[in-house]
Amino acid sequence: MAKASRVSFGEAIAKLGEKHPEIVVLEADLGKSTYSYQFGERFPERYFEMGIAEANMIGTGAGLAMTGKIAFICSFAAFVTGRYDIIRMSIAYPNVNVRIIGTHCGVAIGPDGNSQQGLEDMSIMRSLPNMGVIQPGDDMETQQAIEYSLKHKGPLFIRLTRQKLEDINSKNYQFQYGKGVILKDGKDVTLFATGGTVYNTLQAAHRLEKDGIKVRVVNIHTIKPIDDELIIKCARETKRMITVEDHNIIGGLGSAVSEVISEHYPVLLKRIGLKDCFGESGVEKELYKKFGLDTESIEETIRDFMSKDQPVLV
Amino acid sequence: MTYTIDQLKDIAKDVRIDCIKMLTEAGSGHPGGSLSSADLLTALFYTQIHRTKENALSDDRNRFVLSKGHGVPTLYAIFAQLGILTKQDLLTLRKTGSILQGHPDYDRLPEVEASTGSLGQGLSIAQGIAMAGKIDQKDFRVYCMLGDGEMQEGEIWEGLMSAPKYKLDNLCVILDYNKGQIDGSVENVMNIEPLSDKIKAFNWHPITIDGHNYDEILNAYEEARQTKGKPTFIIAHTIKGKGVSFMEGKIEWHGSAPSQEQCDQAIKELSAL
Ligand SMILES: Cc1ncc(C[n+]2csc(CCOP(=O)(O)OP(=O)(O)O)c2C)c(N)n1
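Residues numbered from 1 in each chain as written. Chains lettered and ligands numbered in written order. Predicted model: local features only at pLDDT ≥ 70, side-chain atom pairs only at ≥ 80, totals over all residues. Heavy atoms only, no water.

### A look at the overall build of chain B
Consideration 1: Helix and strand content of chain B: 11 helices and 5 strands.
Consideration 2: By the compact-globule yardstick of 19 Å for 273 residues, chain B fits well, its C-alpha radius of gyration being 17 Å.
Consideration 3: Its C-alpha atoms put chain B at 50 × 45 × 35 Å along the principal axes.
Consideration 4: When burial is assessed residue by residue, chain B has 59% of its 273 residues classed as buried.
Consideration 5: Nonlocal contacts in chain B, meaning residues at least 24 apart in sequence, comprise 76% of its contacts between residues at least 6 apart.
Consideration 6: A distance of 3 Å separates the average location of the 28 positive side-chain charges in chain B from that of its 37 negative side-chain charges. (Helix = DSSP H or I, 4+ residues; strand = E, 2+ residues; numbered from the N terminus. Rg over C-alpha atoms; globule rule 2.2 N^0.38 Å. Buried < 20%, exposed > 50% of the residue type's maximum accessible area, 1.4 Å probe, protein only. Contact = heavy atoms within 4.5 Å. Lys, Arg positive; Asp, Glu negative; His and termini not counted. Charge placed at Lys NZ, Arg CZ, Asp CG, Glu CD.)

Next up, the structure:
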């Protein structure tokens, strides 16, 4: 069932709290938006409302993690990753078990505009050594990723959406950290998508089938460490590739895939996302159209891209 | 031009009505903190900042930074009263392509003086503007409005430490102390009291007022102007959602827009004030 990944997180963490007394959750006055409140209602003694003070929340989470807890620190992705140096020094460098929950990612949040839209968060977090970066694409994947995070050693940034996500995975899906998931096979071009853009990408791929363009769609839920092996395999098999993300095209999924292919198997790649610009206010659908993230725009980009020649590599 | 208190009240009434209309048309936004600041900001723009369409970007203008950026409908509504925006503009709030972004956007609309919306940053910016005024020996004054929940941000306290060091008596903070934030009351989420003592201990000149009482508001602004050698911090006790009975003091109205029915009801109540 279509569900926002922030809602899936709230349900998952409240459930996991039962069996895992080591979980603590910290919030910065956005409990009803990040859905951390669901944990707070059941385990008030392990839920810390830190107020509008993200920096303090980050450091406190680190201290808790250093003392045997698994600390989930929650806010909008834009606000929490905005406190970069504190994450760098208190969490990433000491390599502690903090789970940074960043919700309200992308222009998909709509009318609140740029200040609340996480659009550089993956880039910032990906650049930190020790930090894993996850962005689940549907309800089941989110629940499993949160459960996985309890076993993970070291810090994780988990990027969640405000908007509902359609189901993309099959019933017996198993989340595997660091592994991409082929959702649809094809031989002409590979589309890598993540989070809120996966469903639109799949739709666009299905539409092109009619015209004989066979699109492979890969869901990248783990942006770091990225699945090198699968990316190289796709580069070999389909040559062309496109990345789709509700994020700046600098530093996120597009960059991660580019880095792999340029070192191992260079092919022509197109990045769909915000082209080094800030977000803005608007209706979600209109913004997706404006930034080329809706099904129609993705379809058009694929067509256009397929008509371009592969560069001759020397 | 000087304004009587009755005139100011009339303007603030229109400002509140416009806030409700804009938020209803936008379908999202923050009514509670927009309504709580309407009296303070109307009085500020008309009696202290003396903003006009002509001086809106002049070098010598008095400045106002809305640090609690989600309260921006009030600012836009005042701009419309002053002719800086049109009433038509107001209805584009939060729509795709509008200059009226959900939070102040300095690049699109420089009249807002700063891009805010990530809480905690406006005081430092206002301080920088005040410092530049001192360097250039300008007479302009700088005002900055903070939210009470916003007071929890560390950067605010860093700014509170530094402004007195530089004797920024051209800087005046106005705290919209409406007692509510998102997850509950400020007192429960993260208490900021005893506030006046803290402000005083940080070497500011604190003034405590009722932020809906115009005599007290105007006196505080005058006292701030007279205060030399240190910045002033006005603790203005307000009511979140002030003026609309079903919004007053209700946390639920922090960040949700009224329906058309609620809008009609709210306008009816505000018009009768
Ligand atoms: C850094 C940051 N953290 C969180 C938020 C989300 N947020 C928006 S408004 C708000 C509550 C603000 O409360 P307050 O400052 O008291 O404003 P008011 O009650 O006047 O609306 C929060 C937490 C934000 N905008 N910026």
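The rest of the description comes next.
### Things to note about the domain arrangement of chain A
Residues and elements named next belong to chain A.
Consideration 1: Domains assigned within chain A are domain 1 (3-165) and domain 2 (181-307).
Consideration 2: The gap between the C-alpha centroids of domain 1 and domain 2 is 25 Å.
Consideration 3: Facing the 32 residues of domain 1 at the interface are 31 residues of domain 2.
Consideration 4: Carbon and sulfur atoms make up 52% of the surface buried where domain 1 meets domain 2, a total of about 2200 Å² over both sides.
Consideration 5: Inspection of the domain 1/domain 2 interface yields 1 salt bridge.
Consideration 6: Note that E259 is salt-bridged to R126, the shortest N-O span being 2.9 Å. (Domains from an automatic or database assignment. Buried area = accessible area lost by both parts, 1.4 Å probe. Salt bridge = Lys/Arg side-chain N within 4 Å of Asp/Glu carboxyl O.)

### A look at the interface of chain A and chain B
Consideration 1: Across the contact, 25 residues belong to chain A and 23 residues belong to chain B.
Consideration 2: Considering only the side of chain A, the residues that lose the most area to chain B are D29, I52 and S281 of chain A, jointly responsible for 30% of the buried surface there.
Consideration 3: Our count for the chain A to chain B interface comes out at 3 salt bridges.
Consideration 4: The partner of R94 of chain B in a salt bridge is D112 of chain A, with the nearest N and O atoms 2.7 Å apart.
Consideration 5: Taken together, the links from chain A to chain B amount to 18 residue pairs in polar contact (both at pLDDT 80 or more).
Consideration 6: Those elements giving two or more residues to the side of chain A that touches chain B turn out to be α2 (31-34) and α12 (284-290) of chain A.
Consideration 7: Grouping the constituent residues of the side of chain A that touches chain B by class yields 8 nonpolar, 7 polar and 10 charged. (Polar contact = N/O pair within 3.5 Å; in protein donor to acceptor, adjacent residues only side chain to side chain. Nonpolar A, V, L, I, M, F, W, Y, C, P; charged D, E, K, R; others polar.)

### Regarding helix α6 (residues 84-92) of chain A
Residues and elements named next belong to chain A.
Consideration 1: If you check which residues of α6 are buried, you get I87, I91 and A92. End-on view of α6: buried residues confined to an arc of 70°, all on one side of the axis.
Consideration 2: The elements touched by buried residues of α6 are α4 (54-65), β4 (70-76), α5 (77-81), β5 (98-103) and α7 (121-126). (Arc of directions from axis to C-beta.)

### Here's the deal with the sheet that holds strand β4 (residues 205-210) of chain B
All names here are of chain B.
Consideration 1: Read from one edge to the other, the open sheet built from 5 strands follows the order β1-β2-β3-β5-β4, with strand pairing classed as parallel. Looking at the sheet topology across the chains shown, the edges are occupied by β1 (63-66) and β4. The sheet shows a mean angle of 20° between the axes of neighbouring strands, taken without regard to direction.
Consideration 2: For strand β3 (residues 171-177) and strand β5 (residues 232-237), the ladder comprises 6 bridges, and the chain directions are parallel. Following the sheet pairing, Y177 is matched in β5 by H237. (Pairing = 2+ DSSP bridges. Axes fitted to C-alpha atoms, helices over the stretch in contact; angles between N-to-C directions.)

### Some points on the site of the ligand
Consideration 1: In the vicinity of the ligand there are 24 residues, among which E54 of chain A together with K68, H70, D148 and K240 of chain B approach most closely.
Consideration 2: Nearby residues place the ligand at the junction of chains A and B.
Consideration 3: G117 of chain B places a polar main-chain atom, nitrogen or oxygen, 2.8 Å from a nitrogen atom of the ligand.
Consideration 4: Summarising the interface, the protein chains cover 99% of the accessible area of the ligand, which totals 590 Å² for the free molecule.
Consideration 5: Grouping the amino acids of the shell around the ligand by side-chain chemistry returns 5 nonpolar, 11 polar and 8 charged. (Near = heavy atom within 4 Å. Areas by Shrake-Rupley, 256 points an atom, 1.4 Å probe, with all protein chains shown as cover.)

### Quick look at the side chain of T194 of chain A
Residue and element names in this part refer to chain A.
Consideration 1: Assignment of secondary structure puts T194 in the loop between β10 (189-193) and α9 (198-209).
Consideration 2: Polar side-chain contacts of T194 include one of 3.0 Å to the side chain of Q135.
Consideration 3: Among the polar contacts listed, one links the side chain of T194 to the backbone oxygen of I220, at a separation of 2.9 Å.
Consideration 4: In contact with T194, not counting residues within four places along its chain, are M122, Q135, N219, I220, I223, V244, E245 and L253.

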